[in-house]
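Each chain, letter by letter, is given below.
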Amino acid sequence: MTSVPSVTISLEDLVAGIGRAHDDVLDQLADAAILGSHLTAVADDLIGHFVAQARASGASWNDIGASLGVTRQAAQKRFAVRARDEAAREKEPLDPSQGFSRFTPAAQQALMAAHAYAVEGRAAWVTPAHLLLGVMADEALTVRLGALDVDAAAFRDAAEERLPAAVETPPVPVPYDEETQMLLLAGFEQAQRRAAEDVDTVHLLLALAERWPAEGLFAGLPLTRLH
């Protein structure tokens, strides 16, 4: 199986990226504030998601605090409301406005892998080819494909052939191109059709098969039998 590249974005990368985007120091400061708030929110959402899962599985606040390296009181104060919101969210109908919070851990890992491939290849955008590589990094999905006699390796090879050329100065972080953004929305549609609670890697693969014109790559394959 193709390994997912490891990506670290340093403070220097972020500073340089904002500097390239704006010449005015106040515009740079505004961008830095927005990016900082986004990174903090993503980190909190990531931890909060798994706190909610731990609570749902029966873990106590003492157990959760110990895993986080904080006291029970600190963990409960920071995440109790978020955990309740997460549990309530799971009962709500799927809606694209809910964003990545309605992606399964496997699907979130696929998106991170797609971004990592784009960074490794010095791409200007995260493209559908990167998304397919990220989806194929889900071992559980490749096992399900194998049960249908679908060769996941062929998908990876085809995705690699369609990767964009490297650019001299890639953006930090690398954004999704318009086509990939539409595919993520299509992932919601696929999950809704199947009455799924969250968007999983299988839904992203089905969205690619339906919406990405990859020269017959998915033609004739029994992908609709993936549930």
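Residues numbered from 1 in each chain as written. Predicted model: local features only at pLDDT ≥ 70, side-chain atom pairs only at ≥ 80, totals over all residues. Heavy atoms only, no water.

Asker: Sorry if this is basic, but what is going on with the overall build of the protein chain here?
Answerer: The secondary structure content of the protein chain amounts to ten helices and zero strands. Secondary structure elements of the protein chain, listed N to C terminal, follow the sequence α-α-α-α-α-α-α-α-α-α. In the protein chain, which comprises 227 residues, the share counted as buried stands at 38%. Sequence-distant contacts, at least 24 apart, represent 67% of the contacts inside the protein chain between residues at least 6 apart. If you sum the accessible surface of the protein chain, you get close to 12600 Å²; carbon and sulfur atoms cover 55% of it. (Helix = DSSP H or I, 4+ residues; strand = E, 2+ residues; numbered from the N terminus. Buried < 20%, exposed > 50% of the residue type's maximum accessible area, 1.4 Å probe, protein only. Contact = heavy atoms within 4.5 Å. Areas by Shrake-Rupley, 256 points an atom, 1.4 Å probe, with all protein chains shown as cover.)

Asker: Help me understand the packing of helix α6 (residues 128-136) against helix α10 (residues 201-211) in this model?
Answerer: Two quantities define a packed helix pair, namely the angle between the axes and the distance from one axis to the other. Contact geometry of α6 with α10 gives a least axis separation of 10 Å together with a crossing angle of 145 degrees. Between α6 and α10 lies a crossing of left-handed hand. Judged by residue contacts, P128, L131, L132, V135 and M136 of α6 engage T201, L204, L205 and L208 from α10. For the contact of α6 with α10, the residue count by class is eight nonpolar, one polar and no charged. (Axes fitted to C-alpha atoms, helices over the stretch in contact; angles between N-to-C directions. Left-handed = near helix turned anticlockwise from the far one by under 90°. Nonpolar A, V, L, I, M, F, W, Y, C, P; charged D, E, K, R; others polar.)

Asker: Got a minute to help me understand the packing of aromatic side chains in this structure?
Answerer: For any pair of aromatic rings, the description consists of the separation of the ring centres together with the inter-plane angle of the planes. With the rule as written, the count across this model stands at two aromatic pairs. Aromatic side chains F103 and F188 sit 5.6 Å apart centroid to centroid with 70 degrees between the ring planes, which places their arrangement in the edge-to-face category. Of this pair, F103 sits in the loop between α4 (72-89) and α5 (105-120) while F188 is found in helix α9 (residues 178-193), placing the two residues 85 residues apart along the sequence. Residue F103 shares its accessibility class with F188, and that shared class is buried. On the numbers, 5.2 Å between centres and 50 degrees between planes, the contact of F155 with F218 is tilted. Of this pair, F155 sits in helix α8 (residues 152-161) while F218 sits in the segment after α10, and the two are 63 residues apart along the sequence. (Phe/Tyr/Trp six-rings, centres within 6.5 Å; stacked < 30°, edge-to-face > 60°.)

Asker: Even after reading the chapter, I still don't get α5, so can you show me in this structure?
Answerer: Count 3.6 residues to each turn of an α-helix, and residues three or four apart come out pointing the same way. Taking 1.5 Å as the rise per residue, α5 with 16 residues should run 22 Å; its terminal C-alpha atoms sit 22 Å apart, in good agreement. Within the span of α5, buried status applies to A107, Q108, A110, L111, A113, A114, H115, A116, Y117 and A118. Elements that come into contact with the buried residues of α5 comprise α6, α9 and α10. Phi turns positive one or two residues past the end of α5, at R122, with a value near 55 degrees. (Expected span 1.5 Å × (residues − 1).)

Asker: What am I meant to see in a negative patch on the surface here?
Answerer: Taken together, the side chains of D151, D157, E160 and E161 define an acidic patch exposed on the protein surface. Within the element layout of this structure, D157 appears in helix α8. Here D157 falls in the partly exposed class, since its relative accessible area comes to 44%. (Patch = residues over 30% accessible without salt bridge, like charges linked within 9 Å, V, L, I, M, F, W, Y side chains within 5 Å. Salt bridge = Lys/Arg side-chain N within 4 Å of Asp/Glu carboxyl O. Lys, Arg positive; Asp, Glu negative; His and termini not counted. Charge placed at Lys NZ, Arg CZ, Asp CG, Glu CD.)

No statement about biological role is implied by the geometric values presented.
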